[in-house]
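# Tertiary structure, described
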Amino acid sequence: MELLPRRPGEFASLPYWDRFFRQRGQRPFEWYGAFPDLCPVLHKYVRPRDKVLVVGCGNSELSEQMYDVGMCEDVVNIDISDTVIRQMQERSGSKRPKMSYLLMDVLQMDFPDSHFQVVLDKGTLDAILTDEEDATLAKVDKMFAEISRVLQVGGRYLCVSLAQAHVLKKAVEYFSQEGWVVRVHQVAGSGDKQQFVLPVFVYVMTKFRKIPGSAPQILEICPEEQDKPMRVESAERLVAAVKDRQHYALLCSQLSKTPCMEQVSLDLCDKESGRPRYTLHVVDSPSVKPSRDNHFAIFIIPQGRETEWLFGTEEGRRQLAISAGFGRLVTVALHREQHYEGMASIQAELSGKVMELAPPGLPARQQVPFLSVGGDIGVRTVRHCDTSPLSGEYVVEDVKGDGTCYFRRLIFLRNRNVVQSEARLLAPTPLPGQKKRRKDKKKPSPAEPPAAIDKSYLCCEHHRAMVAGLCLLQGPDRLPGAPLAVLVVGLGGGSLPLFVHDYFSQACMTVVEIDPSMLEVATRWFGFSQGNRMRVHISDGLDYVAKLAAEAPAQYDAVMFDVDSKDLTVGMSCPPPAFVEKPFLQKVKTILKPEGVFVLNLVCRDAQLKESVLATLREVFPLLYVRRIEGEVNEILFCQPSPESRQDPTELGARARALEGVLRQPGCPWDSSYVLADMLQAVKIL
């Protein structure tokens, strides 16, 4: 038996509904959830003494059940279908003496003004507002005007709806402009989720006297997991908030039925501020053989480690899921703006929500494990926050890595998943005779002087590769003790120029940085300092290089670009596109000595754009080498201006080992993890 109409407009037609109820018979039909689903919301706004009008009642049991549990008694039900009104009069009969059923059109009601305290609408607005044609909108305006007329001041219009964007927007705009308070509730657990995926909402429009002039709109939303309403600033934001919850419901429905072929990402927001509190990634591993205990697990990423390859990339998370041995793993990243008590409180907060992301086939009452590294949530201490006119909001934070190591990081919040600069912190060394700090003493506050920076350690793999590129400089005199003129464009935290300065004793460093805030950050928080062999110029790198090319060509042994792009719409985040245009690259070539090397950190996710950049580099530089960084998008390009600079691989490896050996001499500490020969073994000539 086909009950649904052939076109949406039939929902508003009398013949369709007469036919529907004749075919349906006496069996009640609940379009939008049953009474147990709606009761927690309705009981907040319906009082036993209220006069209640149910518009478009159909053969729903809702008003009967509200009557039977004592929620209300004085109830009038109206509908345009004579068939259903007669059915309902017969069904209710003498069992509910104060409840009546009347044949009436909500667009033209016979009740006096201000007659009811509550008007209840379950799906009627959705049935009328099937499109945004002028005739349809005129009908809806008439319906709203009639509801407004029959409601008392302080009365509530309760509209149960699927909250399609155009329906919600129309209702919110109409009643908020009339000075009413508008609140939207999401109904918890509404309907049969196997057949009814979309969540149900209840609009609560409370009538106030209209104040002349422009009174502020009061718009609120109550998500299903909380009672306290959240204020929103506009109808557009309210519609967007509802749409987010609809998308989430669809996502949960899809994840409960089929494995996800691609990783799914979503944010769970703080109830008070509305800001993201957790970022979740759902990762399925088809290769994991299912058993009773390995269907599903939650992995809490320690604070500050969300940018690491294992946790911050799709491939890393895929490997994490496989190694953990679960068919579905949900990784959870914690946000720096939020406070967390510990693993137990996070588990209590998330346990209900993450179960909505459970895979198909999860056994009933299956206990889902919460995993982490070392069993804790990590340590993150924000040392400094500020805003730069050029770089936007940024933060300096200390985080705990593996074991006992701590690292200091610079993060630009416009791209919060990318570490701009990183340095390892030295453990504090007690002075002779100084007692260790007692555990119960107050911990150092972020306002205290920062811990010492370990300048012997380069955290970033691409910085190590850039330093290794200095092996391309020819001749036995090109060792750390020989004179070396180096230009670095892009300061960041200063780790790269500091390292070259400290371990190449005759290196004269020139650093160009466009953002004066970064010089302050590097000096205050990353141990950077200027001197006779280290000078910083606050300037646009494009202008500085152009000026050098015109005034002082062929003066640098090495030019290094490690500068990020502020334009996130381009598929290349490092460097900005202007830095790899041919005219500018020719200026870079001009300031290099004939045997010098230009080292470029390239981060480009657009394959076509990357090929274009490489082609331009080949046009300018006869020799081009590339060192790809495993597990990262970064590629380090080594460009030389003379074809005579081509290196024999054996000679190149020997020079790398010689350079490494000199750097390990007494008085010139070199971290044992740096092996320059290994750094260059993956270099390929393009």
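These numbers were taken from a predicted model, which means no experiment stands behind them.

Below, the discussion takes up the overall build of the protein. Looking only at helices and strands, the protein features 19 helices and 27 strands. The buried share among the 686 residues of the protein stands at 51%. For the protein, the share of sequence-separated contacts (at least 6 apart) that also reach a separation of at least 24 residues comes to 70%. When the accessible surface of the protein is split by element, carbon and sulfur atoms take 52% of a total near 32,800 Å².

This brings us to the side chain of Ser642. Relative to the helices and strands, Ser642 resides in the loop between strand 26 (635-640) and helix 18 (649-663). Since its relative accessible area comes to 15%, Ser642 is described here as buried. Apart from residues no more than four positions distant in its own chain, Ser642 is found in contact with Pro594, Pro622 and Leu623.

Attention now moves to the nonpolar core. If you look at the biggest cluster of nonpolar residues, it comprises 44 residues, and the most contacted ones within it are Leu53, Phe111, Leu125, Tyr157, Tyr203 and Met205. Top element by residues in this core is helix 7 (residues 165-177). It accounts for six residues. Those residues in contact with Leu125 that lie beyond four places of it in its chain are Val140, Met143, Phe144, Tyr157, Cys159, Val167, Ala171 and Tyr203.

Of all five residues in strand 12 (residues 296-300), five are buried, a share of seventy percent or more. On strand 12, burial covers both faces: Phe296, Ile298 and Ile300 on one face and Ala297 and Phe299 on the other are all buried. Where strand 12 and strand 13 (residues 328-334) come together, five bridges link them in parallel fashion. Note on strand 13: the bridge partner recorded for Ile300 is Val332.

On to the sheet that holds strand 18 (residues 419-424). On the basis of which strands lie adjacent, the open sheet formed by four strands has the order 15-16-17-18 and antiparallel pairing. If you trace the sheet from one side to the other, it starts and ends with strand 15 (380-388) and strand 18, each paired once. Each adjacent strand pair in this sheet contributes to an overall mean axis angle of 15 degrees, direction not counted. Direction of pairing for strand 17 (residues 406-412) relative to strand 18: antiparallel, over a ladder of five bridges. Directly across from Ile411, in strand 18, lies its bridge partner Val419.

Let us look at the sheet that holds strand 1 (residues 52-55). Strand order in this open sheet of nine strands is 3-2-1-4-5-7-6-8-9, and the pairing throughout is mixed. Each end of this open sheet is capped by a strand with a single partner; those strands are strand 3 (99-103) and strand 9 (230-232). Strand-to-strand twist of the sheet, defined as the mean angle between neighbouring strand axes without regard to direction, takes the value 20 degrees. Across five bridges, the pairing between strand 2 (residues 75-79) and strand 3 is parallel. Considered in strand 3, the bridge of Val75 is made with Met99.

This brings us to the confidence of the model for the protein. Confidence in the prediction of the protein, expressed as mean pLDDT, is 83, and 82% of residues score 70 or more. Long-range and interchain partners of residues 190-195, a stretch whose pLDDT sits below 50, account for seven contacts in this model, where long-range means more than four residues apart. Below pLDDT 50 for its whole length, residues 665-675 participates in 27 contacts with residues either more than four positions away or in separate chains.

Looking now at the pattern of salt bridges. Enumeration according to the criterion identifies 36 salt bridges in this entry. The closest approach of N and O atoms between Arg237 and Glu233, which form a salt bridge, is 3.7 Å. Via salt bridges that share partners, Glu64, Asp68, Arg91 and Arg96 belong to a single interconnected network.

Here we come to the packing of aromatic side chains. For the structure shown, the criterion picks out 15 aromatic pairs. With a centroid separation of 4.6 Å and an interplanar angle of 45 degrees, the aromatic rings of Phe175 and Trp180 are classed as tilted. By the burial criterion, Phe175 is buried, and Trp180 matches it. Look at Phe499 and Tyr503: their rings are 4.6 Å apart centre to centre, the planes differ by 75 degrees, and that puts the pair in the edge-to-face class. Residue Phe499 and its partner Tyr503 are located together in helix 13 (residues 495-503), separated by four residues, close to a single helical turn. The same class applies to Phe499 and to Tyr503, which are both buried. Connected via pairs of aromatic rings, a cluster forms that spans Phe144, Tyr157, Tyr174, Phe175 and Trp180. A cation over an aromatic ring shows up here: Arg464 above the ring of Tyr457, its NZ or CZ 5.3 Å from the ring centre.

Residue placement: Lys566 occurs in the loop between strand 22 (556-561) and strand 23 (572-574). Note on Lys566: relative accessible area 35%, which makes it partly exposed. For the pair Lys566 and Pro576, spaced 10 residues apart in the sequence, the C-alpha separation amounts to 7.5 Å. For Lys566, the residues in contact, after removing those within four places along its chain, are Leu390, Ser391, Phe412 and Arg414.

As a further point, take helix 2 (residues 35-45). In an α-helix, one turn spans 3.6 residues, which is why side chains three or four residues apart end up on the same side. If you check which residues of helix 2 are buried, you get Phe35, Asp37, Leu38, Val41, Leu42 and Tyr45. Down the axis of helix 2, the buried side of the element spans an arc of 135 degrees, and every buried residue falls inside it. Next to the buried residues of helix 2 lie helix 3 (62-68), strand 4 (116-122), strand 5 (151-161), strand 6 (181-186) and strand 7 (201-206).

Moving on to the packing of helix 7 against helix 8 (residues 235-257). Any two packed helices are characterised by how steeply their axes cross, that is the angle between the axes, and by the distance between the axes. In the contact formed by helix 7 and helix 8, the axes pass within 10 Å of each other and the chain directions differ by 145 degrees. For the pair helix 7 and helix 8, the crossing hand works out as right-handed. Counted together, Ala165, Leu168, Lys169, Val172 and Glu173 of helix 7 and Ala235, Glu236, Leu238, Val239 and Val242 of helix 8 form the full contact between these two elements. Considered class by class, the residues forming the contact of helix 7 with helix 8 number seven nonpolar, no polar and three charged.

We now examine the packing of helix 6 (residues 134-150) against helix 7. One can describe the packing of helix 6 onto helix 7 by two numbers: an axis separation of 11 Å at closest approach and a directional angle of 50 degrees. On the basis of the axis angle, helix 6 is oblique to helix 7. You can see that helix 6 and helix 7 cross each other, and the crossing is right-handed. For the pair helix 6 and helix 7, contact is made by Leu137, Val140, Asp141, Phe144 and Ala145 and by Lys170, Ala171, Tyr174 and Phe175, respectively. Partitioning the contact of helix 6 with helix 7 into residue classes produces seven nonpolar, no polar and two charged.

Rules used throughout
- Residues numbered from 1 in each chain as written.
- Predicted model: local features only at pLDDT ≥ 70, side-chain atom pairs only at ≥ 80, totals over all residues.
- Heavy atoms only, no water.
- Helix = DSSP H or I, 4+ residues; strand = E, 2+ residues; numbered from the N terminus.
- Buried < 20%, exposed > 50% of the residue type's maximum accessible area, 1.4 Å probe, protein only.
- Contact = heavy atoms within 4.5 Å.
- Areas by Shrake-Rupley, 256 points an atom, 1.4 Å probe, with all protein chains shown as cover.
- Core = buried A, V, L, I, M, F, W, Y, C linked by side-chain atoms within 4.5 Å.
- Pairing = 2+ DSSP bridges.
- Axes fitted to C-alpha atoms, helices over the stretch in contact; angles between N-to-C directions.
- pLDDT = per-residue confidence, 0-100.
- Salt bridge = Lys/Arg side-chain N within 4 Å of Asp/Glu carboxyl O.
- Phe/Tyr/Trp six-rings, centres within 6.5 Å; stacked < 30°, edge-to-face > 60°.
- Lys NZ or Arg CZ within 6 Å of the ring centre and 35° of its normal.
- Arc of directions from axis to C-beta.
- Left-handed = near helix turned anticlockwise from the far one by under 90°.
- Nonpolar A, V, L, I, M, F, W, Y, C, P; charged D, E, K, R; others polar.
- Parallel < 35°, antiparallel > 145°, perpendicular 65-115°, else oblique.

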